[in-house]
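Structure at a glance
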Amino acid sequence: MTTIVPGQRTALGPHRRDLQVILASAPARAAVVVACAIPAGTSGPPLHVHAACDEIFFILSGELLVHADGHVATIREGGLVHISCGMPHTFATTPGTPARFLVLYTTHDLTR
């Protein structure tokens, strides 16, 4: 069992204090959970893919625009989005609403 308290979270660098790693499983890092708090009207990363992991967004508050595989959806509080590995995707917050959400990355073990 692993227990993580807020003071044990790791920021993803000084320029990304809005992203914190909550849990990175060891030793293989088969799953990573990241907490995100993004201001309203903020674009996410450029359109990209993850070759070896799925990405799951769970919206805690606000709303998130998710662009995945050529489709755009507005995901509100309590909503969940699953992005399969290899699927082009990005996200942004809407102009008037910030978002707090968790992202779970699950790695596909390509060696098994």
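What you see is a predicted model, and the numbers here were worked out from it, not measured in a lab.

Mapped onto the elements of the fold, Thr90 is located in strand 7 (residues 89-93). Taking the C-alpha atoms as reference, Thr90 lies 8.5 Å from Ser43; in sequence the two are 47 residues apart. Those residues in contact with Thr90, other than ones at most four positions away along the chain, are Gly44, Pro45, Pro46, Leu47, Leu65, Val66 and His67. Within the structure, the side chain of Thr90 is placed 2.3 Å from the backbone oxygen of Pro45, a separation counted as a polar contact.

Walk down a regular strand and you will see the side chains alternate between the two sheet faces. Here strand 4 (residues 53-68) pairs with strand 5 (residues 71-76) via six bridges, running antiparallel. For Glu63, the partnering residue across the bridge sits in strand 5 and is Arg76. A loop of two residues connects strand 4 with strand 5, the two strands running antiparallel in sequence, and Asp69 in this loop sits at a positive phi of about 55 degrees.

Before going further, it helps to spend a moment on the packing of aromatic side chains. Using the criterion set out here, one finds three aromatic pairs in the structure. Aromatic pair Phe57 and Phe91: ring centres 5.4 Å apart, planes at 65 degrees, arrangement edge-to-face. Here Phe57 is found in strand 4, whereas its partner Phe91 is found in strand 7, with 34 residues between them in sequence. When its relative accessible area of 0% is taken as the criterion, Phe57 is described as buried. On the basis of relative accessibility, which here comes to 15%, the residue Phe91 falls in the buried class. When the ring of Phe91 is compared with that of Phe101, the centres are 5.6 Å apart and the planes differ by 80 degrees; the resulting orientation is edge-to-face.

Structurally, Thr93 can be placed in strand 7. Here the side chain of Thr93 touches Pro39 through a polar contact of 2.6 Å, landing on its backbone oxygen. Within polar-contact distance, the side chain of Thr93 engages the backbone nitrogen of Gly41 at 3.0 Å. Leave out the neighbours within four places in its chain, and Thr93 touches Ile38, Pro39, Ala40, Gly41, Thr42, Glu63, Leu64, Leu65, Pro98 and Ala99.

In this section: the pattern of salt bridges. In total, this model carries one salt bridge according to the counting rule given. Between Glu63 and Arg76 there is a salt bridge, and its shortest N-O distance comes to 3.3 Å. You can see Glu63 sitting in strand 4 and its partner Arg76 sitting in strand 5, a full 13 residues away along the chain. With a relative accessible area of 16%, Glu63 lands in the buried category.

Each value, and the rule that gives it
Residues numbered from 1 in each chain as written. Predicted model: local features only at pLDDT ≥ 70, side-chain atom pairs only at ≥ 80, totals over all residues. Heavy atoms only, no water. Helix = DSSP H or I, 4+ residues; strand = E, 2+ residues; numbered from the N terminus. Contact = heavy atoms within 4.5 Å. Polar contact = N/O pair within 3.5 Å; in protein donor to acceptor, adjacent residues only side chain to side chain. Pairing = 2+ DSSP bridges. Phe/Tyr/Trp six-rings, centres within 6.5 Å; stacked < 30°, edge-to-face > 60°. Buried < 20%, exposed > 50% of the residue type's maximum accessible area, 1.4 Å probe, protein only. Salt bridge = Lys/Arg side-chain N within 4 Å of Asp/Glu carboxyl O.

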